[in-house]
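Chain and residue survey
If you want the building blocks of each chain, they are given just below.
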Amino acid sequence: MSIKPLVILPDPLLRQISKPVERFDADIRKFSADMLDTMYDAPGIGLAAIQVGEPLRMLVIDLAKEDEPRAPQVFINPHILSSSAERNVYEEGCLSIPDYYAEVERPAQVRVSYTDIEGKQHEVQADGLLATCLQHEIDHLNGVLFIDHISRLKREMVVKKFKKLAKDRPQSRLAV
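Each value, and the rule that gives it
- Residues numbered from 1 in each chain as written.
- Predicted model: local features only at pLDDT ≥ 70, side-chain atom pairs only at ≥ 80, totals over all residues.
- Heavy atoms only, no water.
- UniProt positions renumbered as here; feature names shortened; annotations may be inferred.
- Helix = DSSP H or I, 4+ residues; strand = E, 2+ residues; numbered from the N terminus.
- Buried < 20%, exposed > 50% of the residue type's maximum accessible area, 1.4 Å probe, protein only.
- Contact = heavy atoms within 4.5 Å.
- Pairing = 2+ DSSP bridges.

1. What to know about the UniProt feature "active site" (unreviewed entry) in the protein chain
- Per the UniProt entry, the sites bearing "active site" (unreviewed entry) are Glu 137 in this numbering.
- With respect to the helices and strands, Glu 137 occurs in helix 2 (residues 128-141).
- The class of Glu 137 is buried, set by a relative accessible area of 4%.
- If sequence neighbours within four positions are ignored, Glu 137 has contacts with Gly 46, Leu 47, Ala 48, Gln 51 and Leu 59.

What follows is the structure, given as structure tokens:
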């Protein structure tokens, strides 16, 4: 398995809409393992394929606490079927927007359909942190970032900061 470089704001790839995964084969299994290795290394609790430069509708999540065994989950072609009217607020961060956190309000519960790594269809009724994490990562698949859910002023300040940092940072990824 290998750790992939993360795509960082303001890279326009983060605004791209990801395409469905069509083949469930050894390549997609290896890629999911690479995504998990990358997420654990970062460290994070969720990662969308677009965050490692692959515009595929695929994400990984592991909400296990540090003192618990890992509990990796792979969601391929996830789709939110329904969401609750009740809302929750969580402080969110993003591996593609390092060291920036903000409170984001989202539906407290979601029902999500997805395909697993073997190509089997599933549905999950999620609440709490899992609901928030699924919504955050599915947003990535649609070209939406968590900063799109905060005030325009705060979002513009974050984007400006990361554009400046990008000018000062050597480019590690070829333009796509």
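The rest of the description comes next.
2. With respect to the environment of Gln 109
- Inspection of the secondary structure assignment puts Gln 109 in strand 6 (residues 109-115).
- The class for Gln 109 is partly exposed, based on a relative accessible area of 32%.
- Distance from Gln 109 to Met 157, taken between C-alpha atoms, is 30 Å for residues 48 residues apart in sequence.
- Not counting the four nearest positions on each side in its chain, Gln 109 is found in contact with Ser 82, Ser 83, Ser 84, Gln 125, Ala 126, Asp 127 and Ala 131.

3. So, the pairing of strand 2 (residues 58-61)
- In strand 2, alternate side chains face the same way, and those of Met 58 and Val 60 on one face and Leu 59 and Ile 61 on the other are all buried.
- Pairing of strand 1 (residues 46-48) with strand 2, which is carried by three bridges, proceeds in the antiparallel orientation. Counted as the bridge partner of Gly 46 is Ile 61 from strand 2.

4. Focus: the UniProt feature "binding site: Fe cation" (unreviewed entry) in the protein chain
- Sites flagged by UniProt as "binding site: Fe cation" (unreviewed entry) map to Cys 94, His 136 and His 140. Look at the named residues: they lie 47 residues apart in sequence, but the longest C-alpha span between them is just 10.2 Å, so in the fold they bunch up.
- By the element assignment, His 136 lies in helix 2.
- Not counting residues up to four positions away in its chain, the partners in contact with His 136 are Glu 92, Gly 93, Cys 94, Arg 106 and Phe 146.

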